[in-house]
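Chain by chain, the residues run as shown.
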Amino acid sequence: MTIETLYREIPEPLETVDRDSVAGLIVPWNQAADILEVRDGELVEYREAFDPGAFDKQALSGNPGTIRKIEFVDGHAGGLGKTGYALDLETRDNGQWALFRVLPRFADDVRTMIRDGVDGLSVGFHPKRGGTVVRDGVQVRTDAHLVHVALTPTPKYVEARTMAMRAAQERTDELERAEHRRMVDDILATRDRWAHLD
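Residues numbered from 1 in each chain as written. Predicted model: local features only at pLDDT ≥ 70, side-chain atom pairs only at ≥ 80, totals over all residues. Heavy atoms only, no water.

## Here's the deal with the pairing of strand β11 (residues 138-141)
Going by this rule: We call two strands paired when DSSP finds no fewer than two bridges between them. Strands here mean DSSP runs of E at least two residues long; helices mean DSSP runs of H or I at least four residues long; both are numbered from the N terminus.
Relative to β11, strand β5 (residues 42-50) is paired through four bridges, and the arrangement is parallel. If you follow Arg-47 over to β11, its bridge partner there is Val-138. The pairing of strand β10 (residues 132-135) with β11 spans four bridges and is antiparallel. What sits directly across from Arg-135, in β11, is Val-138. Once β10 ends, the chain turns through two residues before running back antiparallel as β11, passing Asp-136 with a positive phi of about 50 degrees.

Structure (structure tokens):
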């Protein structure tokens, strides 16, 4: 079974710490956001938030290798690809913070992008089985696995919303064509049933 990676835009910019490091808030706690996705060809809309400590299994693992598996990338597709990895995850009062090491060959590029305003973030994560509860109509992620954080000029949620709207329109068009075919078939069948009366 393939584990689906979900992508979320994060409204906070990353900051340059030093030549080879960037840091920032990667997931805020308790902030409900409107989500629009396509699942199994259907448009799904809901509200989502993250509970404090949703990524604690990684953050508190005590194993540097667990945290370093979280990739820092330039966009989810294309771009420079993997540009570094997480060095530290810190669960703070306002959200999950991360420190990333930028690979030396990409350090100048990443610093330039951040300086020029390409500092949007998109987070890829896997929801854990049993790690989502519904509170007041909001799907709250209580346990999730962070896969990567992407530096992106166009937040992936906006892109995902556009793709979802396009998919929904295509599905609507397909249903309308099917309904039109059914109506034509019904009319032709009715005409054939009554043809002998002419």
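## Observations regarding the packing of aromatic side chains
Both the distance between ring centres and the angle between the ring planes are used here to describe each pair of aromatic rings. The criterion, for reference: Stacked, tilted and edge-to-face are the three classes applied to pairs of Phe, Tyr and Trp rings, where Trp contributes its six-membered ring and a pair requires centres within 6.5 Å; stacked means planes under 30 degrees apart, edge-to-face means over 60, and tilted covers the rest. Three exposure classes are used, based on accessible area relative to the maximum for each residue type with a 1.4 Å probe and protein chains only: buried under 20%, partly exposed in between, and exposed over 50%. Look at NZ for Lys and CZ for Arg. If either is within 6 Å of the ring centre and within 35 degrees of the ring normal, a charge sits over the ring.
The final tally for this structure, using the stated rule, is three aromatic pairs. For the ring pair Phe-50 and Phe-125, a centre distance of 5.2 Å and an interplane angle of 75 degrees mean the geometry is edge-to-face. With Phe-50 in strand β5 and Phe-125 in strand β9 (residues 120-127), this residue pair connects regions lying 75 residues apart in the sequence. Here the two residues Phe-50 and Phe-125 agree in accessibility, since each one is buried. Aromatic rings pair up to connect Phe-50, Phe-55 and Phe-125 into one cluster. The ring of Trp-97 carries the charged tip of Arg-92 above its face, separated from the ring centre by 4.2 Å.

## Comments concerning the nonpolar core
Applied cut-off: The nonpolar core is taken to be a set of buried Ala, Val, Leu, Ile, Met, Phe, Trp, Tyr and Cys residues, with the residues joined through side-chain atoms within 4.5 Å. Contact definition: two residues touch when any of their heavy atoms are within 4.5 Å.
Core analysis: the biggest nonpolar cluster contains 33 residues, and Ile-26, Phe-55, Phe-100 and Val-110 have the highest contact counts within it. Of all elements in the fold, only β1 (6-10), β3 (21-28), β7 (81-91), β8 (95-102), α3 (107-115), β9 and β12 (144-152) reach the threshold of two or more residues within this core. Excluding residues that lie within four positions of it along the chain, Ile-26 makes contacts with Ile-10, Leu-89, Gln-96, Ala-98, Phe-100, Leu-121, Val-123, Leu-146 and Val-149.

## Considering the sheet that holds β11
The strands making up a sheet associate through hydrogen bonds between their backbones, and the pairing can be parallel or antiparallel. So the rule is basically this: Axes here mean lines fitted to C-alpha atoms, for a helix over just the part in contact, with angles spanning 0 to 180 degrees between N-to-C directions.
Taken in spatial order, the four strands line up as β4-β5-β11-β10 in an open sheet, and their pairing is mixed. Of all strands in the sheet, those with a lone pairing partner are β4 (33-39) and β10, marking the two edges. This sheet shows a mean twist of 45 degrees between the axes of neighbouring strands, independent of strand direction.

Worth remembering: the numbers are spatial, not functional.
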